[in-house]
Amino acid sequence: MAPMADVTDAAFRALVAKRGAPDVYWTEFVSADGLYHTREIGKLPDVENPLMRDILKSEVERPIVAQIFSSKPEMITYATKLVAELGFDGVDINMGCPDKTIEKQGCGAAMIRTPEVAQQVIRAAKEASTLPVSVKTRVGYAVESLDGWLPVLLEAAPAAITLHLRTRKEMSLVSANWELMKRAVEIRNRVNPDVLLIGNGDVGGIEEGRRLAIESGCDGVMIGRGMFGNPWVFAGRKSDDTPLQEKLAALNELAYAFEKLSPPKNFSILKKHIKAFVTGFDGAAELRARLMEAESASELAHIIY
Ligand SMILES: Cc1cc2nc3c(=O)[nH]c(=O)nc-3n(C[C@H](O)[C@H](O)[C@H](O)COP(=O)(O)O)c2cc1C
């Protein structure tokens, strides 16, 4: 399960867990600096802290990796210790997010341009706890630069690297380039064969993921948007295989779980799920438009049933 802000929250993860668990869950990303600045000295941060909600976890969804971001090693140290104390199974550092507000902090994809900082934060995370440390990144910034960038990461020896097979500049506008994975595997085998490589980008389902892993030689695959409207994806189901009533029931279940997140998130965040679940049948557009008006789980349920 790929980390996705405002998607892979505790409510969505629980929905997926019931329908076919992935091998590993990732949380949404969370700012290490934010966690630090809202800490309570000597105690775990307050459960009412929205940032803590973003790294909520249940015992059902295991193993689970918390994704954090910061360009400051001391913040990564703090957040890694916190994540370890909370009982996560791993910590992942985001080095691929193209969002300008994240990049302004020297984080996300901006790290591809500061290789020394990238190595420092990986080392800080590794020294902070015994948790496995992984990195999620892209194949380059403005242009593909695997030959330079990947060895930088491999030298710092994280347990795993997820490669989203696009550059920062490409955002998600072009198809993921799985051909690059073969070269990435060669580089990994040469520089640091102990590091696991996970491929990511445009994987629609489990079968396709297994085929891509075998063809490219990578160790695993991460599925992101393939989960939209299809919490059965890890059980091997294609989106079209699920009857409409079952999809609407899943959406309804998600809405109630979403509403229970504490502190609450804006109900409009559910809209991307509504769009994804309510599509591809006669009358979908009309039903979707009505569901988009709902401001609570009970309003949504009222429209569905
Ligand atoms: C709504 C949304 C939120 C995302 N949030 C994150 C995030 O918090 N951390 C991260 O590393 N990647 C994030 N991503 C990127 C995905 O994890 C993944 O790399 C990307 O969507 C490509 O994979 P896919 O084609 O399987 O979706 C996000 C993507 C989307 C569409």
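Residues numbered from 1 in each chain as written. Predicted model: local features only at pLDDT ≥ 70, side-chain atom pairs only at ≥ 80, totals over all residues. Heavy atoms only, no water.

Trainee: What exactly am I supposed to notice about the packing of helix H1 (residues 10-19) against helix H10 (residues 244-259) here?
Mentor: At a minimum axis distance of 8 Å, the contact between H1 and H10 shows a crossing angle of 140°. As judged from the angle between their axes, H1 and H10 are oblique. By crossing handedness, the relation of H1 to H10 is classed as right-handed. Contacts between H1 and H10 involve Ala11, Phe12, Leu15, Lys18 and Arg19 from the first element and Ala250, Glu253, Leu254, Ala257 and Phe258 from the second. Taken together, the residues that form the contact of H1 with H10 break down as seven nonpolar, no polar and three charged. (Axes fitted to C-alpha atoms, helices over the stretch in contact; angles between N-to-C directions. Helix = DSSP H or I, 4+ residues; strand = E, 2+ residues; numbered from the N terminus. Parallel < 35°, antiparallel > 145°, perpendicular 65-115°, else oblique. Left-handed = near helix turned anticlockwise from the far one by under 90°. Contact = heavy atoms within 4.5 Å. Nonpolar A, V, L, I, M, F, W, Y, C, P; charged D, E, K, R; others polar.)

Trainee: What should I look at first to understand a nonpolar patch on the surface in this one?
Mentor: A cluster of nonpolar side chains, namely Met171, Leu173 and Val174, defines an oily patch on the protein surface of about 280 Å² accessible area. Relative to the helices and strands, Leu173 is located in the loop between strand S5 (160-164) and helix H8 (179-191). Classification of Leu173 by relative accessible area gives exposed; the value is 74%. (Patch = residues over 30% accessible without salt bridge, like charges linked within 9 Å, V, L, I, M, F, W, Y side chains within 5 Å. Areas by Shrake-Rupley, 256 points an atom, 1.4 Å probe, with all protein chains shown as cover. Salt bridge = Lys/Arg side-chain N within 4 Å of Asp/Glu carboxyl O. Buried < 20%, exposed > 50% of the residue type's maximum accessible area, 1.4 Å probe, protein only.)

Trainee: When you look at the packing of aromatic side chains in this model, what are you seeing that I'm missing?
Mentor: Aromatic ring pairs are reported here in terms of the distance separating the ring centres and the angle at which the planes meet. This model, assessed by the stated rule, comprises three aromatic pairs. Note on Tyr36 and Tyr78: the rings are 5.3 Å apart at their centroids and 85° apart in plane angle, and the pair reads as edge-to-face. Of this pair, Tyr36 sits in helix H2 (residues 32-37) while Tyr78 sits in helix H4 (residues 73-85), and the two are 42 residues apart along the sequence. Relative accessible area serves as the criterion here: at 25%, Tyr36 is assigned to the partly exposed category. Between the NZ or CZ atom of Arg39 and the centre of the ring of Tyr36, over which it lies, the distance is 3.8 Å. (Phe/Tyr/Trp six-rings, centres within 6.5 Å; stacked < 30°, edge-to-face > 60°. Lys NZ or Arg CZ within 6 Å of the ring centre and 35° of its normal.)

Trainee: Would you explain the environment of Arg138 in this entry?
Mentor: As for its placement among the helices and strands, Arg138 is situated in strand S4 (residues 133-138). It is 10.0 Å that separates the C-alpha atoms of Arg138 and Ile161, two residues lying 23 residues apart in sequence. In contact with Arg138, other than residues within four places in its own chain, are Met95, Gly96, Pro98, Ile112, Trp149, Leu163, His164, Arg166, Thr167, Arg168 and Met171.

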